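Analysis of the macromolecular model
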Amino acid sequence: KAGVTQTPRYLIKTRGQQVTLSCSPISGHRSVSWYQQTPGQGLQFLFEYFSETQRNKGNFPGRFSGRQFSNSRSEMNVSTLELGDSALYLCASSLGAGRAASGSNYNEQFFGPGTRLTVL
Amino acid sequence: AQSVTQLDSHVSVSEGTPVLLRCNYSSSYSPSLFWYVQHPNKGLQLLLKYTSAATLVKGINGFEAEFKKSETSFHLTKPSAHMSDAAEYFCVVIPFNNAGNMLTFGGGTRLMVKP
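Throughout this description, residue numbers start from 1 for each chain and increase along the sequence as written. A letter from A marks each chain and a number from 1 marks each ligand, given out in the order of writing. At least 70 in pLDDT is required for a residue's local features to be given in this predicted model, at least 80 for side-chain atom pairs to be given and counted, and no such filter applies to totals for whole chains, interfaces and linings, which use all residues. Excluded from the side-chain calculation are hydrogens and water; included are all heavy atoms of the structure.

This part takes up the state of the cysteines. Here, the term disulfide refers to a pair of cysteine sulfur atoms separated by no more than 2.5 Å. Counted according to the given criterion, the structure contains two disulfides over all chains. Residue pairing for Cys-23 of chain A: its cysteine sulfur links by disulfide to Cys-91 of chain A, the two sulfurs lying 1.7 Å apart. Here Cys-23 of chain A and Cys-91 of chain A share a disulfide; its torsion about the S-S bond, -55°, makes the bridge left-handed. Of the two residues, Cys-23 of chain A sits in strand β3 (residues 19-24) while Cys-91 of chain A sits in strand β9 (residues 87-94), which places them 68 residues apart along the sequence. Across this residue pair, the class does not change: Cys-23 of chain A and Cys-91 of chain A are buried. Between the sulfur atoms of Cys-23 of chain B and its disulfide mate Cys-91 of chain B the distance is 2.0 Å. Under the DSSP-based scheme used, a helix requires at least four consecutive residues in state H or I and a strand at least two consecutive residues in state E, with every element numbered from the N terminus. Only protein chains enter the calculation, and the probe is 1.4 Å; a residue is then buried if its accessible area is under 20% of its type maximum, exposed if over 50%, and partly exposed in between.

What follows is the structure, given as structure tokens:
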């Protein structure tokens, strides 16, 4: 079974531009979550999509947005890029049905290798 | 709000010696706690999970963690370190009232293993 794939793996943009990152979940997984990883702030939750609906949202400005398609693939978009947006963006997929953390029903999240975004 | 604090940003051990990575949590409810590992240039991998069953949890690659409610701790241990264990480790919590998959990460502990 193929794992979570993210494209592109590396990206260089300049301030003010916008960027779209893509995530293809494991086949059969309906939940896709996005995380930002930086040396200063660590790993922070961006948002989660389940069956094309945003189920959770982290504390990020409106410049960060996402969506999920009917085949569960997800994209995230960052508009008006700032230098501080330079980060590793990780995508995770899971079966995601119901309350994920309940007892043995935790749906393990499988992470992709990430997209390294550099903003100049 | 539920959170986790990793007490050491860096831990260095010699190959063959025990590993201890410390994590404290803050939560008003019984939390769901996890340890993830991130090897260089690779994605995160789940090591083990605590979801209110047994307090001693065994994970992959010989790691285990013990949930101690009285100490609000969830430390990760391994009896004997291997060179391949060198990586960054994250203690993670899912908020009790969260219906989805929102993981809250600790700051991470970089484990170095000396030959």
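Moving on to unusual backbone geometry. Residue and element names in this part refer to chain A. Across the junction of Thr-7 and Pro-8, the peptide omega takes the value -10°, indicating a cis bond. Note on placement: Pro-8 falls in the loop between β1 (5-7) and β2 (10-13). Positive phi values are uncommon outside glycine, yet Ser-51 reaches one of about 50°.

What follows covers the environment of Trp-34 of chain A. Summarising the element assignment, Trp-34 of chain A is placed in strand β4 (residues 31-38). C-alpha of Trp-34 of chain A to C-alpha of Glu-75 of chain A: the two residues are 41 residues apart in sequence and 9.3 Å apart in space.

For the rest of this paragraph, the subject is the packing of aromatic side chains. Pairing of aromatic side chains requires ring centres within 6.5 Å, counting the rings of Phe and Tyr and the six-membered ring of Trp. Pairs whose planes differ by under 30 degrees are stacked, by over 60 edge-to-face, and all others tilted. Under the counting rule described, the total for this entry stands at 13 aromatic pairs over all chains. Chaining the aromatic ring pairs together yields one cluster made of Tyr-35, Phe-45 and Phe-111 of chain A together with Tyr-36, Phe-90 and Phe-105 of chain B. The rule for a charge over a ring is simple: NZ of Lys or CZ of Arg within 6 Å of the ring centre, and within 35 degrees of the ring normal. One Lys or Arg, Arg-55 of chain A, reaches over the ring of Phe-50 of chain A and ends 4.4 Å from the middle of that ring.

Let us now look at the nonpolar core. The tendency in soluble globular proteins is for nonpolar side chains to be buried side by side. Trp-35, Leu-48, Phe-74, Leu-76 and Tyr-89 of chain B are the most contacted members of the largest nonpolar core, which has 26 residues in total. By definition, residues are in contact when any of their heavy atoms lie within 4.5 Å. Look past the residues within four positions of Tyr-89 of chain B in its chain and what remains in contact with it is Gln-6, Leu-21, Trp-35, Tyr-36, Val-37, Leu-47, Phe-63, Leu-76, Gly-108, Thr-109 and Leu-111 of chain B. Val-32, Met-76, Leu-81 and Tyr-89 of chain A belong to the second largest nonpolar core, which has 21 residues in total. Working definition of a nonpolar core: buried Ala, Val, Leu, Ile, Met, Phe, Trp, Tyr and Cys residues. They are joined through side-chain atoms within 4.5 Å.

Function-wise, these values are silent; they only describe arrangement.
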